[in-house]
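Here is how the chains run, residue by residue.
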Number of protein chains: 4
Amino acid sequence: MARVAMRKGRLEAFSDGVLAIIITIMVLEMKVPHADTIQSLQPLIPVFISYVLSFVYIGIYWNNHHHMMHAAQHVNGAVLWANSLLLFWLSLVPFVTAWMGENHFSTWPVILYGIILLMAAISYTILAHNLTLLHGKNSMFSRSLGSDKKGKISMLIYLTGICLSFIHPLVGFGLYVVVAIIWFRPDTRFEKAGEIIDDNDGETPLETDSHKKSLPLM
Amino acid sequence: MARVAMRKGRLEAFSDGVLAIIITIMVLEMKVPHADTIQSLQPLIPVFISYVLSFVYIGIYWNNHHHMMHAAQHVNGAVLWANSLLLFWLSLVPFVTAWMGENHFSTWPVILYGIILLMAAISYTILAHNLTLLHGKNSMFSRSLGSDKKGKISMLIYLTGICLSFIHPLVGFGLYVVVAIIWFRPDTRFEKAGEIIDDNDGETPLETDSHKKSLPLM
Amino acid sequence: MARVAMRKGRLEAFSDGVLAIIITIMVLEMKVPHADTIQSLQPLIPVFISYVLSFVYIGIYWNNHHHMMHAAQHVNGAVLWANSLLLFWLSLVPFVTAWMGENHFSTWPVILYGIILLMAAISYTILAHNLTLLHGKNSMFSRSLGSDKKGKISMLIYLTGICLSFIHPLVGFGLYVVVAIIWFRPDTRFEKAGEIIDDNDGETPLETDSHKKSLPLM
Amino acid sequence: MARVAMRKGRLEAFSDGVLAIIITIMVLEMKVPHADTIQSLQPLIPVFISYVLSFVYIGIYWNNHHHMMHAAQHVNGAVLWANSLLLFWLSLVPFVTAWMGENHFSTWPVILYGIILLMAAISYTILAHNLTLLHGKNSMFSRSLGSDKKGKISMLIYLTGICLSFIHPLVGFGLYVVVAIIWFRPDTRFEKAGEIIDDNDGETPLETDSHKKSLPLM
């Protein structure tokens, strides 16, 4: 059991490391302007907005990954590789963030940004699916994961956003913001159950219930 | 309890990772000069000074974050998000450090540097506030946090520094240095109580008392 | 015993950190195009393919390192230095990845890429050898490590790839992909034994057996 | 006691993180050549040599820091700040490594490289001194630290190297290599005592003795 915990711990540590680096190196794409006027920052505004959205997304992924791995009891090879797949797509976020920001949210960059988000969401679903297979359908893990309505809706919105970007990219960008808000907004059921649940994951029926939303497949 | 510790541990690990990356990538903004003369380093002096100040600030934040999370018993969703907000503002430090250094402490860069510091300080206050709410007003955590005089003074000095930078940016910069010195200087009460306190956080009344200043809201 | 675990833990943590940074900074070599057209991404395709291969390789190394260190009971100075040697060669992967990608898999970059992979594989063998010496030939660690047929074949393929690159670099590149597939493909014996083995490393004869392939010397 | 361990653990984790990032981002200073010929790598040879030396130095520091913190029982504010000072000087290593490499080991870059190494060595001495003060002169920690002959000789060689660089920089560079070899070379007493000592730090008189050299003040 201690050995299992260690293996899980190392997966968490590696993922945390990669996510911490992704979230931090993105800022390197915000090139420091040569002039020192307030106007010289103006061209950076879209880059900054793009950075904020990606920061929120990586933050949400870290938060959800944290919750899901916390609930997990075991990991196996399939979980390790699904996790690597997720990290792969997230590692491309700094690239598409910079491309989208520098091109002021024009069509192709917004589409590619959406595709990367969609790929990350699919990978997250695969990761959750592999964890469910490993723990069994009737395990505490699987029950707390729930039916993942939120995750399915997110993928649908990403897809819609990608398609509508061909008409106007800001519609696509707007829809990506909507998904971020859906995940960012505290869950009301989760709020009602309060801190007690938060400190006793998976030990009371009440908490299991409230956690249905706290282990989302984004 | 073990589960709670793990969750807190992962928050600490993620924050440590981000802070470690921020403190290290800042040096990448010090562009290596092409010439090999001692004179070629001269234009880097303001960039270096700017780097030193930011290194000290990130170091102080790491130190304070370390102390505060050490005293904390639980974390919840609100704490996670307040922590992310803090990391967001600190992630912008490399950008403003480079901008300020490359422009030799001229008006707008110094103002923006101050705004980022102020935002980080406000986020830290929110984080401490959320931790206090979670632990309760009468908890060991809240009592050791104290009234946070130092934190309130810091924010006032930042604000003054931002305003006075319009008259002369070096006044603003000087005030940011003052705040760093305030936090850097070892606390006299803390010194008196000595190492014993440092190794037994929150277990004796003496230690609680001396810790009032060691859990600051910068 | 707890002390030993800590030392091993810190070696793992440091290695995870370095591997996490390597895997993430590679993406910085994919320079964001200035144009916003889909065509502007075309020159990045070889860079992207190069990135994918390196991502998979670093992922495989992390996975294998994770398994091998998990099975290890002790570390000593020789292990620490062999580990540093491995990290040294892997730290050069972002450089050769970018060089190979930007030059569309031309002769010398492909050769150098192969040399770096070969050096990393040799270092990994030295690391495994040092761990075997430390644990003893008849230890659980050494038995689960096995004869390392896969590792020896990999080194042979690298060498062949380096030589054949003088005739045509894509042959070399193709062989590096073959090695990645060899390692990436789940081991059949490992699969048969299933998840149970994966959670009880080194405790049952069955599991030890199935692990012969899961502790590879790449 | 558990609390102390945690605090020490977080100091170690933060230091590991910073050292892992330093050792990895240095490679970013090796700019990928545009041509794909073997000749195009030639100008990178001094940069590569410079990188190798710095990699070895950071590796030595990580190794020594690892051993010293392993032996330490407590940390306090003074230790935290001495540790930050050490990390500060080491964070400048990528900068001086690149400057020295790009200028083919000419006078000023070699001098500055030596100054940074000297400063790091002094900071390490301060860190060890603060740990000794905290643990007491007669503690296991202080006795295993010993008189630190190796550390004092290193600082003398750095100083000599800096001075002699004014005559010819390669003399200075050669002396820095000498210090790296002094630390890199396995200690004979340490070797004789073997693995047993390495796994039971500070528990037998034999081991304490052999450790006199394994807790060096570089």
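Residues numbered from 1 in each chain as written. Chains lettered and ligands numbered in written order. Predicted model: local features only at pLDDT ≥ 70, side-chain atom pairs only at ≥ 80, totals over all residues.

## Remarks on the overall build of chain A
If you tally the helices and strands in chain A, you get ten helices and zero strands. Listed by position from the N terminus, the elements making up chain A come as α-α-α-α-α-α-α-α-α-α. Taking all 218 residues of chain A together, 49% fall into the buried category. Considering only residue pairs separated by 6 or more positions, chain A has 76% of its internal contacts joining residues 24 or more positions apart. (Helix = DSSP H or I, 4+ residues; strand = E, 2+ residues; numbered from the N terminus. Buried ≥ 20, exposed ≤ 12 C-beta atoms within 10 Å, placed from the backbone. Contact = placed C-beta atoms within 7 Å.)

## A few points about the interface of chain B and chain D
In many analyses, interface size is given as the accessible surface area lost on bringing the parts together. Taken together, the contact pairs 27 residues of chain B with 30 residues of chain D. At the level of secondary structure, the elements contributing two or more residues to the side of chain B that touches chain D comprise helix 1 (2-25), helix 2 (45-71) and helix 9 (188-199) of chain B. Looking at which element gives the most residues to the side of chain B that touches chain D, the answer is helix 1 of chain B, with nine residues. Counted by class, the side of chain B that touches chain D contains 13 nonpolar, seven polar and seven charged residues. (Nonpolar A, V, L, I, M, F, W, Y, C, P; charged D, E, K, R; others polar.)

## Some thoughts on the relation of the copies chain B and chain D
To go from the first copy of the chain to the second, apply a rotation about an axis and then a shift along the same axis. Turning chain B through 90 degrees and shifting it by 0.0 Å along the axis lays it on chain D, with an RMSD of 0.0 Å. Within this description, the copies of the chain are treated as partners about a four-fold rotation axis. Take the interface residues of chain B: only 15% of them recur as interface residues in chain D, which is what a contact between different surfaces looks like. (Least-squares fit on C-alpha atoms with pLDDT ≥ 70 in both.)

## Considerations on the confidence of the model for chain A
Residue and element names in this part refer to chain A. Confidence along chain A averages 81 in pLDDT terms, with 81% of residues attaining 70 or more. Low confidence marks residues 1-6, where pLDDT is under 50. Its contacts with residues over four positions away, or in another chain, come to four contacts. Taken over the whole predicted complex, pTM reads 0.84, whereas the ipTM for its chain interfaces reads 0.80. (pLDDT = per-residue confidence, 0-100.)

## Re the interface of chain A and chain C
Across the boundary between the two partners, chain A contributes 31 residues, which contact 27 residues of chain C. When contributions to the side of chain A that touches chain C are tallied by element, the ones reaching two or more residues are helix 1 (2-25), helix 3 (77-91), helix 4 (93-102) and helix 5 (107-135) of chain A. Residue contributions to the side of chain A that touches chain C peak at twelve residues, all from helix 1 of chain A. In terms of residue class, the side of chain A that touches chain C is made up of 18 nonpolar, eight polar and five charged.

## Some words on the relation of the copies chain A and chain C
You can overlay chain A on chain C at an RMSD of 0.0 Å; the transform is a turn of 90 degrees with a shift of 0.0 Å along its axis. Of all interface residues in chain A, a mere 13% are interface residues in chain C too; the two copies therefore contact each other through different surfaces.

## Let's talk about the packing of helix 5 (residues 107-135) of chain C against helix 8 (residues 169-184) of chain C
All names here are of chain C. Interaxial distance between helix 5 and helix 8 falls to 9 Å at its minimum, and their mutual angle equals 30 degrees. Judged by the angle between their axes, helix 5 and helix 8 are roughly parallel. Relative to helix 8, helix 5 is oriented so that their crossing is left-handed. For the pair helix 5 and helix 8, contact is made by Thr107, Val110, Ile111, Tyr113, Gly114 and Leu117 and by Pro169, Gly172, Phe173 and Tyr176, respectively. (Axes fitted to C-alpha atoms, helices over the stretch in contact; angles between N-to-C directions. Parallel < 35°, antiparallel > 145°, perpendicular 65-115°, else oblique. Left-handed = near helix turned anticlockwise from the far one by under 90°.)

## Remarks on the UniProt feature "transmembrane region" (unreviewed entry) in chain A
Residue and element names in this part refer to chain A. Those residues carrying the UniProt feature "transmembrane region" (unreviewed entry) are residues 12-32, 44-63, 75-99, 111-134 and 155-184 in this numbering. Measuring from the first to the last C-alpha atom of residues 44-63 gives 28 Å, for a span that is 95% helix and 0% strand. A distance of 35 Å separates the end C-alpha atoms of residues 111-134, which is 100% helix and 0% strand. (UniProt positions renumbered as here; feature names shortened; annotations may be inferred.)

## Overview of the packing of helix 2 (residues 45-71) of chain C against helix 4 (residues 93-102) of chain C
Residue and element names in this part refer to chain C. Helix 4 packs onto helix 2 with a crossing angle of 150 degrees between their chain directions and a minimal axis gap of 7 Å. Looking at the two axes, helix 2 sits roughly antiparallel to helix 4. Crossing angle aside, the handedness with which helix 2 passes helix 4 is right-handed. The segment helix 2 lies against helix 4, with Pro46, Val47, Ser50, Tyr51, Ser54 and Ile58 engaging Val93, Thr97, Met100, Gly101 and Glu102. Considered class by class, the residues forming the contact of helix 2 with helix 4 number six nonpolar, four polar and one charged.

## Notes on the environment of Ala20(D)
Looking at the secondary structure, you find Ala20(D) in helix 1 (residues 2-25). By C-beta crowding, Ala20(D) is classed as buried, having 28 other C-beta atoms within 10 Å. Not counting chain neighbours up to four residues away, the residues in contact with Ala20(D) comprise Phe14(C), Gly17(C), Val18(C) and Ile21(C).

## Focus on helix 3 (residues 77-91) of chain D
End to end, helix 3 of chain D covers 21 Å across 15 residues, agreeing with the expected 21 Å (1.5 Å per residue, within 8%). Within helix 3 of chain D, burial applies to Val79(D), Leu80(D), Ala82(D), Asn83(D), Ser84(D), Leu86(D), Leu87(D), Phe88(D), Leu90(D) and Ser91(D). (Expected span 1.5 Å × (residues − 1).)

## Thoughts on the environment of Val110(C)
Residues and elements named next belong to chain C. The residue Val110 is located in helix 5 in this model. Residues Val110 and Leu170, spaced 60 residues apart in sequence, show a C-alpha to C-alpha distance of 8.1 Å. Here Val110 is in contact with Met100, Phe105, Ser165, Pro169, Gly172 and Phe173, once residues within four sequence places are set aside.

## Examining helix 4 (residues 93-102) of chain B
For an α-helix the count is 3.6 residues per turn, leaving residues at separations of three or four pointing the same way. All names here are of chain B. With ten of ten residues buried, helix 4 lies mostly within the body of the structure. When helix 4 is considered as a whole, its buried residues turn out to be Val93, Pro94, Phe95, Val96, Thr97, Ala98, Trp99, Met100, Gly101 and Glu102. One or two positions beyond helix 4, positive phi appears at His104, with a value near 50 degrees.

## Things to note about the environment of Leu156(D)
The topology assignment puts Leu156(D) in helix 7 (residues 149-164). Note: C-alpha distance between Leu156(D) and Leu118(D) (38 residues apart in sequence) is 9.0 Å.

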